[in-house]
Amino acid sequence: MWFALAICAVTAPALDAQVATPKGAARGATVRDASRPALDGSMQRIVALTNVFRRQENLSATERNPQLAKAARYFADFMARTDQYSHSADGSEPAERAKKFGYDYCIVAENIAYMFNSQGFGTAELADRFFDGWQNSPEHRRNMLEPNVTDTAVAIAQSAKTGRFYAVQLFGRPKSASIEFKVQNSAGVDVEYALDGKTFALPPRVTRTHRGCTPFELAFRGRAVQPTNGQTLTVVNDRDGVQLKAQ
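Residues numbered from 1 in each chain as written. Predicted model: local features only at pLDDT ≥ 70, side-chain atom pairs only at ≥ 80, totals over all residues. Heavy atoms only, no water.

(A) Broad picture of helix H2 (residues 66-82). Along its 17 residues, H2 runs 24 Å from first to last C-alpha, staying within 8% of the 24 Å computed at 1.5 Å per residue. The complete set of buried residues in H2 reads Leu68, Ala71, Ala72, Phe75, Ala76, Phe78, Met79 and Ala80. In this structure, the buried side of H2 is in contact with helix H3 (94-100), strand S5 (105-116), strand S6 (151-158) and strand S7 (165-174). For H2, the N-terminal capping position is held by asparagine 65, with its side-chain oxygen 3.0 Å away from the main-chain nitrogen of glutamine 67. The positive-phi residue at the C-terminal boundary of H2 is aspartate 83, with phi of around 55 degrees. (Helix = DSSP H or I, 4+ residues; strand = E, 2+ residues; numbered from the N terminus. Expected span 1.5 Å × (residues − 1). Buried < 20%, exposed > 50% of the residue type's maximum accessible area, 1.4 Å probe, protein only. Contact = heavy atoms within 4.5 Å. Polar contact = N/O pair within 3.5 Å; in protein donor to acceptor, adjacent residues only side chain to side chain.)

So, in structure tokens, the structure goes:
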């Protein structure tokens, strides 16, 4: 039996700062169908197992996304048709493929693998082997446990030439789920704050807008806050001194 994993790929834009499992997923013995595993069943099982894994790690489950499903199906079929194997086998990157099929992304992460066994695989066995391979690989495991993704898709295709099964697992967070908040200075003095370790200077009467794909941690004069989407944080100077207030 052959099994191969590719180094996983994650794409997310840099910080943008602008001034002004269901039932049936249980593991266990399976009956082998040596010639034709039901690939739809294998794909559904991988999604279910991955969501069980995420819940075990206190993470939210991901939902199947139709645009990511089209991107995963295209790429699995491409690798099976050509027996070319890498994240850029078709000349594009995972995020580019997701966008091509209509997924306006904030984050895209991709796991791929291929497997071959001359004796064949059962439906659940094929899913379990792909899942176990990704789970036991640190880079792929990191994608499976990415806390900020909300969507997923899995596709499997078999090469008519080599008999290899190629699997693609995608995770994503749409741009519509990005986080945007503002920091405004009403204190009348120059102030500084740190955002994810980067320091920003904010003159009086200036408002800065921050946008990003993952939650931020803002530090101001020893106080740490995690801004929420649409929130405005205001620096004021009152009888208690210069401080940060949330609106």
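(B) Geometry of the pattern of salt bridges. In the structure shown here, the tally under the stated rule is nine salt bridges. Note that arginine 129 is salt-bridged to glutamate 125, the shortest N-O span being 3.3 Å. Of this pair, arginine 129 and glutamate 125 both sit in helix H4 (residues 123-135), four residues apart, which is roughly one turn of that helix. For arginine 129, a relative accessible area of 34% puts it in the partly exposed group. Here glutamate 139 makes a salt bridge to arginine 142, at a shortest N to O gap of 2.7 Å. Of this pair, glutamate 139 and arginine 142 both sit in helix H5 (residues 138-144), separated by three residues, roughly a single helical turn. Through salt bridges with shared partners, a single ionic network connects Asp90, Arg97 and Glu110. (Salt bridge = Lys/Arg side-chain N within 4 Å of Asp/Glu carboxyl O.)

(C) Structural context of the nonpolar core. Residues Ile46, Leu126, Phe130, Trp134, Met144, Ile156 and Phe165 are the most contacted members of the largest nonpolar core, which totals 26 residues. At the level of secondary structure, the elements contributing two or more residues to this core comprise helix H1 (39-56), S5, H4, S6 and S7. With near-sequence residues (within four places) excluded, isoleucine 46 lies in contact with Ala127, Phe130, Trp134, Val154, Ile156 and Gln169. One finds Leu68, Met79, Tyr114 and Ala155 within the second-largest nonpolar core, a separate group that totals 21 residues. (Core = buried A, V, L, I, M, F, W, Y, C linked by side-chain atoms within 4.5 Å.)

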